[in-house]
Amino acid sequence: MINRRQLLTTLTSTGIGTAVFHKAVVALAQDDEDKLNAEMLQQAEWVSGIELTDEQRDEIVDAVARDVDQIEKLREIELTADVGPALHFHTISAEKKLDSVERVSQTISTTVRVLPESDEEIAFLPVHELSWLIRTGKISSVDLTKIYIDRLKKYSPMLRCMVTLTEELAMEQAERADRELQQGIYRSPLHGIPWGAKDLISVPGYPTTWGIPHYKDRVLDDTATVAARLEEAGAVLIAKLSLGALAMGDMWFEGMTRNPWNPRVGSSGSSAGSASAVVAGLVGFTLGSETLGSILSPSIRCGSTGMRPTFGRVSRYGCMPLSWSMDKIGPICRSVEDCALVFDAIHGADGRDLTANNYAFSWPTDLNVSGLRVGVLKLPEDTDEESGGGETDSPEDGGNEKEIDPLAILQEMGCELVEIELPSEFSYYSLTNVISVEGASVFDQLLRDGHTEGWNAWDGIFRSAQYISAIDYLRYQRLRTKLMHDFEASIKDVDFLCNMNDLVHTNLTGHPSVVMPLRYRDSRQGGKRIVPVVFTGHLNDDARLLSLSHAFQQRIDAHLQAPPLDEWLGKFDAGELDEKEDEDE
């Protein structure tokens, strides 16, 4: 018996007709699926506007009969999600690859000279300051870990940002970190720092749920490369953090992960728990992943500092694949310097993710920001706006808030602003169907077995992706190659981009970006909304991108502010956070 999926697959494999034609044939055949014939094909031709010869119709019928048995046999072969295609995406960077990497990064400086009096003050310190406190013995890793464990237990039920507390593992790693310090062993600036992993990062002994009910209790045996490298750096894994189901949005099987600055709204996603937890001071730092905005978007919503590295700089081994040619792993922290320290610990090839390569990286760099050329959006001639994408205040948004112009800051730093235009030949968003096709392949078995509870919109997206032919998928990738060259040509005369609305472009091309909170606006609901600033760099120029972003961040203080969690916790305990209100997000 030929089912609709098998028929569609075989039609696609013939290379005859269009996706519309294929769908029309399947629709005609659904009532008598095992008797596809030339007459059915002829009836479907008018729908798609194509005309086949008798020979072509016979060819399709013969192909269906010939291929269905082969397809059935191939589908009996079990493929786990970590088995990717034989084709691997690579950026067009000409940067020289290295045989190995040296991890020699150091903190730049610290403003902490004494241990803060309250646990809350300690919890909100950035990593580079916590690192100094641990290194100088002013606080132990065990004591710091206990502070964060207590905060996770107190605030995570409200924020819904934690899937699993890895308390036993955390205490073991913290005790080891303290012992090593007493022995004179100091692994890295992350030594003894508690961190949280987006729950698509595999860690043995604890569930890796991918945000869906079907995997709520699943424990994987593999240790993700990034988790292993952070353990080697001396970091302490304290929690697995929420992600939207199968890396979509902020809804997972326990509900919506909340924004610490306004818990009435979601944290965005899909690195929902990672951004929420770090902004709430529940962990020292986190890792997230991005396929199409999943680091930048929750960082913008929650007010964290996030880094999406160049594609191929960080191994994805042991992490849930959504799109083999677009997935990236990166840090979500409180400061740019924190992101640099974490990136230094996790970047580089591992021989398991074949897209991951070695390129030079060190922190800090000797970058002189004066004279750098920064690309900004070309403004209409009839406007006097100078913010290049920055927002202005209105009374309803909290006009008493201090307005900060990111471009003015760049000019004060000595940067030259250059108006440029990015490629706009066609709708590049259409190329993100690559995600739909690759994701449909990753989760095909779950979809066919009906395990789609709590998938958000993925089940419909993956079913629709079945109608995209292999030829059209390769056309997406060929157009993506064209975009990569066009994008490089458009930015060749600048060092960086600022607020260029390039999220789709750069996720398709693999360029790195850093996002941070610029300032806050009052929300009509109460709480705050974050106004972000985003910087984008050239391929594998991650170190210089971080340096520019760090120099910029030193002139603002939004990343140092903490949300009033106890005030919101009182509303949560009173059952007020889930009241239906108009959102201004």
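Higher on the page you've got the structure.
Report follows, based on the coordinates. (Residues numbered from 1 in each chain as written. Predicted model: local features only at pLDDT ≥ 70, side-chain atom pairs only at ≥ 80, totals over all residues. Heavy atoms only, no water.)

1. Brief notes about the overall build of the chain
Basically, it comes down to this: What counts as a helix is a DSSP run of H or I of at least four residues, what counts as a strand is a run of E of at least two, and both are numbered from the N terminus. Accessible area is worked out with a 1.4 Å probe on protein chains only. A residue is then buried under 20% of its type maximum, exposed over 50%, and partly exposed in between. Note on definitions: a residue-residue contact is assigned when non-hydrogen atoms from the two residues lie within 4.5 Å. With residues, only the protein chains shown are counted as cover, and all accessible areas are computed by Shrake-Rupley using a 1.4 Å probe.
Each helix and strand counted, the chain has 20 helices and 15 strands in total. Looking at the chain residue by residue over its 585 residues, the buried ones come to 57%. Of the contacts made within the chain by residues no fewer than 6 positions apart, 76% connect residues no fewer than 24 positions apart. Approximately 24,500 Å² of the chain is accessible, and the part contributed by carbon and sulfur atoms is 47%.

2. Quick notes on the packing of helix α14 (residues 433-442) against helix α17 (residues 470-491)
Just so we agree on the cut-off: A fitted line through C-alpha atoms represents every axis, and for helices the fit uses only the stretch in contact; the resulting angles, taken between N-to-C directions, go from 0 to 180 degrees. Oblique is the label for any angle not covered by the other classes, which are roughly parallel (under 35 degrees), roughly antiparallel (over 145) and roughly perpendicular (65 to 115). Working rule for handedness: look at the near helix, and if it is turned counterclockwise from the far one by less than a right angle, call the crossing left-handed; if clockwise, right-handed. For this scheme, ten residues count as nonpolar: Ala, Val, Leu, Ile, Met, Phe, Trp, Tyr, Cys and Pro. Four count as charged, namely Asp, Glu, Lys and Arg, and the remainder, Gly too, count as polar.
At a minimum axis distance of 10 Å, the contact between α14 and α17 shows a crossing angle of 135°. Taken together, the axis directions place α14 and α17 in an arrangement best described as oblique. The two elements α14 and α17 meet at a crossing, and its hand is left-handed. Counted together, N433, V434, V437 and E438 of α14 and Y473, Y476, Q477 and R480 of α17 form the full contact between these two elements. Residues that form the contact of α14 with α17 fall into these classes: 4 nonpolar, 2 polar and 2 charged.

3. Points about the packing of aromatic side chains
Inclusion rule: Only Phe, Tyr and Trp rings take part, Trp by its six-membered ring, and two of them pair if their centres are within 6.5 Å. Stacked means planes under 30 degrees apart, edge-to-face means over 60, and tilted covers everything else. We call a charge positioned over a ring when the NZ of a Lys or the CZ of an Arg lies within 6 Å of the ring centre and within 35 degrees of the ring normal.
Throughout the structure, instances matching the rule amount to 13 aromatic pairs. Here W210 and F443 contribute two aromatic rings whose centre-to-centre distance is 6.0 Å and whose plane-to-plane angle is 80°, an arrangement assigned as edge-to-face. Placement of the pair is W210 in the loop between β2 (194-198) and α9 (225-232) and F443 in the loop between α14 and α15 (444-449), with a sequence separation of 233 residues. Each member of the pair, W210 as well as F443, is classed as buried. A network of ring pairs unites the aromatic residues W210, Y215, F443, W455, W458 and F462 as a single cluster. Seen from the ring of W210, R218 lies directly overhead, with NZ or CZ sitting 4.2 Å from the centre. Lying over the aromatic face of Y215, R218 brings its terminal NZ or CZ to 3.6 Å of the ring centre.

4. Describing α14
Within α14, 8 of the 10 residues are buried, which leaves the element mostly enclosed by the surrounding structure. Listed in full, the buried residues belonging to α14 are V434, I435, S436, V437, E438, G439, A440 and V442. The inward-facing, buried residues of α14 abut α15, α16 (458-465) and α17.

5. Here we look at unusual backbone geometry
Each neighbour pair has its own omega, and for G269 with S270 the value is 10°, a cis peptide bond. Relative to the elements of secondary structure, S270 occurs in the loop between β7 (262-266) and α10 (272-279). The residue after W363, namely P364, is reached through a cis peptide bond having omega 0°. One non-glycine residue, N456, lies in positive phi territory at about 55°. Mapped onto the secondary structure, N456 falls in the loop between α15 and α16. The phi torsion at N499 lies on the positive side, around 50°, for a residue other than glycine.

6. Quick notes on the layout of surface pockets
One way to see where empty space is left: roll a probe the size of a water molecule over the atoms. Heads up, the rule is: Of the two site types, the cavity is a set of points on a 1 Å grid over the protein atoms alone where a 1.4 Å probe fits but cannot get out, and the pocket is an open set with protein on both sides within 12 Å along at least five of seven lines, each lined by residues with an atom within 4 Å of a point. Grid points are joined across faces, edges and corners, and a volume is the space filled by probe spheres set on the points.
A volume near 390 Å³ is recorded for the second largest pocket. What lines the second largest pocket is a set of 21 residues, and nearest its centre among them are M248, L292, Y429, I435 and W458. Those elements that place two or more of their residues in the lining of the second largest pocket are α14 and α16. The element that contributes the greatest number of residues to the lining of the second largest pocket is α14, accounting for 3 residues. Residues of the lining of the second largest pocket, tallied by class, amount to 8 nonpolar, 12 polar and 1 charged.

7. A word on the nonpolar core
This is how it is decided: For this analysis, a nonpolar core means a set of buried residues of the types Ala, Val, Leu, Ile, Met, Phe, Trp, Tyr and Cys, connected via side-chain atoms within 4.5 Å.
L190, L230, F285, L410, F443 and F552 are the most contacted members of the largest nonpolar core, which totals 138 residues. For F285, the residues in contact, after removing those within four places along its chain, are V127, L190, I193, P194, W195, G196, L230, A235, V278, I332, C333 and V342. Of all hydrophobic cores here, the second largest spans 8 residues; its members include I420, L422, V494 and M500.

8. Examining empty space enclosed by the protein
Inspection of the entire model under this criterion finds 3 cavities of 30 Å³ or more. Forming the boundary of the largest cavity are 15 residues, of which V279, G303, R334, H559 and Q561 lie nearest the centre. Secondary structure elements with two or more residues in the lining of the largest cavity: α10 and β14 (513-522). Here the lining of the largest cavity is composed, by residue class, of 9 nonpolar, 5 polar and 1 charged.

9. Notes on a negative patch on the surface
To keep things clear, this is the line we draw: Here, patches come from residues exposed beyond 30% relative accessible area and free of salt bridges, joined within 9 Å for like charges and within 5 Å for nonpolar side chains (Val, Leu, Ile, Met, Phe, Trp, Tyr). Whenever Lys or Arg places a side-chain nitrogen within 4 Å of a carboxyl oxygen from Asp or Glu, that contact is recorded as a salt bridge. Counting rule for charge: Lys and Arg are taken as positive, Asp and Glu as negative, and neither His nor the chain ends is counted. Where a charge lies is defined by one atom per residue type: Lys uses NZ, Arg uses CZ, Asp uses CG and Glu uses CD.
Where like charges cluster on the molecular surface, the negative patch consists of E55, D58, E59 and D62. With respect to the helices and strands, D62 occurs in helix α4 (residues 54-75). For D62, a relative accessible area of 47% puts it in the partly exposed group.

10. Observations concerning the environment of S490
Filter applied, for reference: Between N or O atoms, a polar contact is any pair within 3.5 Å; within protein, one atom must be a potential hydrogen donor and the other a potential acceptor, and residues adjacent in sequence are included only when both atoms are from side chains.
With respect to the helices and strands, S490 occurs in helix α17. Along the backbone, S490 and I420 are 70 residues apart, and their C-alpha atoms lie at a distance of 7.3 Å. If we ignore the near neighbours within four places in the chain, the residues touching S490 are I420, E421, L422 and P423. Reaching out from S490, the side chain makes a polar contact with the backbone oxygen of F487 at a distance of 2.8 Å.

11. Notes on helix α12 (residues 336-346)
Judged by how many residues are buried, α12 sits mostly within the fold: 11 of 11 residues are covered. Along α12, the positions that sit buried rather than exposed are V336, E337, D338, C339, A340, L341, V342, F343, D344, A345 and I346. G348 sits one or two positions beyond α12 and adopts a positive phi of about 110°.

12. Observations concerning the sheet that holds strand β12 (residues 416-420)
We apply this condition: For two strands to pair, DSSP has to find at least two bridges joining them.
Taken in spatial order, the 11 strands make up an open sheet running β1-β3-β2-β8-β10-β9-β14-β15-β13-β11-β12, and their pairing is mixed. Looking at which strands have only one partner, the edges of the open sheet turn out to be β1 (162-165) and β12. When the angles between neighbouring strand axes are averaged without regard to direction, this sheet yields 30°. Relative to β14, strand β9 (residues 305-308) runs antiparallel, the two sharing 3 bridges. Across the sheet, the residue bridging to G306 is V515, located in β14. Its contacts with the sheet place α9 against β2, β8 (285-290) and β10 (328-333), and it is angled at close to 160° to β8. Together, β9, β13 (496-498), β14 and β15 (528-537) form the strand contacts of helix α19 (residues 542-553), whose direction differs from that of β14 by roughly 20°.

13. Concerning the pairing of β7
Among the 5 residues of β7, 5 are classified as buried, and the element is accordingly described as predominantly covered. As paired strands, strand β6 (residues 258-259) and β7 are joined by 2 bridges and run antiparallel to one another. When the bridges of β7 are listed, N259 appears paired with N262. Between β6 and β7, which follow one another and run antiparallel, lie 2 residues.

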